[in-house]
Amino acid sequence: MATTYRIAVIGDWESVMGFRALGLDTYPVMSADEAREKIRELAKSDCAVIYLTEQLAKDLEDVISRYKDELRPAIILIPGREGSLGIGRSSIQRAIERAVGADIL
């Protein structure tokens, strides 16, 4: 029997609640420390993908780097309600450079 994995979204309430309508697990948090604990908790569960707002990610580099080379969970940065900080794009660009050996974006 195949394992079913979950997808989670962590960020401020306004940024994550729209994802609930898509069937994703949403975790509104008030602080980077609260997000850090939630990520660690989800990493120990059946969560395969965590979408994290860039506003929180800027204060969670330690946690993001901890899981960046792990198979699960994949932490993907998304813009929050304030808009993009460019961190997600930069993160994807670095991952592509590591995988391909050149900047193709």
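What counts as what
Residues numbered from 1 in each chain as written. Predicted model: local features only at pLDDT ≥ 70, side-chain atom pairs only at ≥ 80, totals over all residues. Heavy atoms only, no water. Helix = DSSP H or I, 4+ residues; strand = E, 2+ residues; numbered from the N terminus. Contact = heavy atoms within 4.5 Å. Areas by Shrake-Rupley, 256 points an atom, 1.4 Å probe, with all protein chains shown as cover. Pairing = 2+ DSSP bridges. Axes fitted to C-alpha atoms, helices over the stretch in contact; angles between N-to-C directions. pLDDT = per-residue confidence, 0-100. Right-handed = clockwise from strand over helix to strand, strands pointing away.

It is not clear to me how the overall build of the protein should be interpreted in this structure. Could you clarify?
When its secondary structure is counted, the protein shows 5 helices and 4 strands. For the protein, the α and β elements follow one another from N to C terminus as β-α-β-α-β-α-α-β-α. Taking the intrachain contacts of the protein between residues at least 6 apart in sequence as the baseline, contacts between residues at least 24 apart amount to 59%. Of the roughly 6600 Å² that the protein leaves accessible, carbon and sulfur atoms contribute 53%.

Please explain the sheet that holds strand β3 (residues 47–53) as it appears in this structure.
Across a sheet, paired strands are connected by hydrogen bonds in the backbone, their directions being either parallel or antiparallel. One open sheet holds the 4 strands; their spatial order is β2-β1-β3-β4, and the pairing between them is parallel. Edge positions in the sheet fall to β2 (25–28) and β4 (74–78), since each of these pairs with one other strand and no more. Sheet twist, expressed as the average angle between the axes of neighbouring strands with direction ignored, equals 20°. Contacting β1 (6–11), β2, β3 and β4, helix α1 (residues 13–20) crosses the sheet at an angle of about 165° to β2. Seen against the sheet, helix α2 (residues 32–43) touches β1, β2, β3 and β4 and runs at an angle of roughly 170° to β1.

Hey, could you run me through the confidence of the model for the protein in this one?
It should be kept in mind that the predicted coordinates are not to be read in detail where pLDDT is low. When pLDDT is averaged along the protein, the result is 85, and 77% of the positions lie at 70 or above. Confidence, read as mean pLDDT per element, is least for helix α5 (residues 87–100) in the protein (59) and greatest for β2 (97).

Explain unusual backbone geometry here, please?
For residues that are not glycine, phi is negative in most cases, and the peptide bond is trans in most cases. With omega at -5°, the peptide bond leading from arginine 72 into proline 73 counts as cis. Considering the arrangement of structural elements, one finds proline 73 in the loop between α4 (61–67) and β4.

Looking at this structure, how should I read the pairing of β1?
Here is the key point about a regular strand: its side chains alternate between the two faces of the sheet. Relative to β3, β1 runs parallel, the two being bridged by 5 bridges. Residue alanine 8 lies in a different strand from β3, and its bridge partner there is isoleucine 50. In the sheet, β1 pairs with β2 via 4 bridges, with the strands oriented parallel. Bridging across to β2, valine 9 finds its partner in threonine 26. Between the parallel elements β1 and β2, the chain passes through α1 in a crossover that is right-handed.

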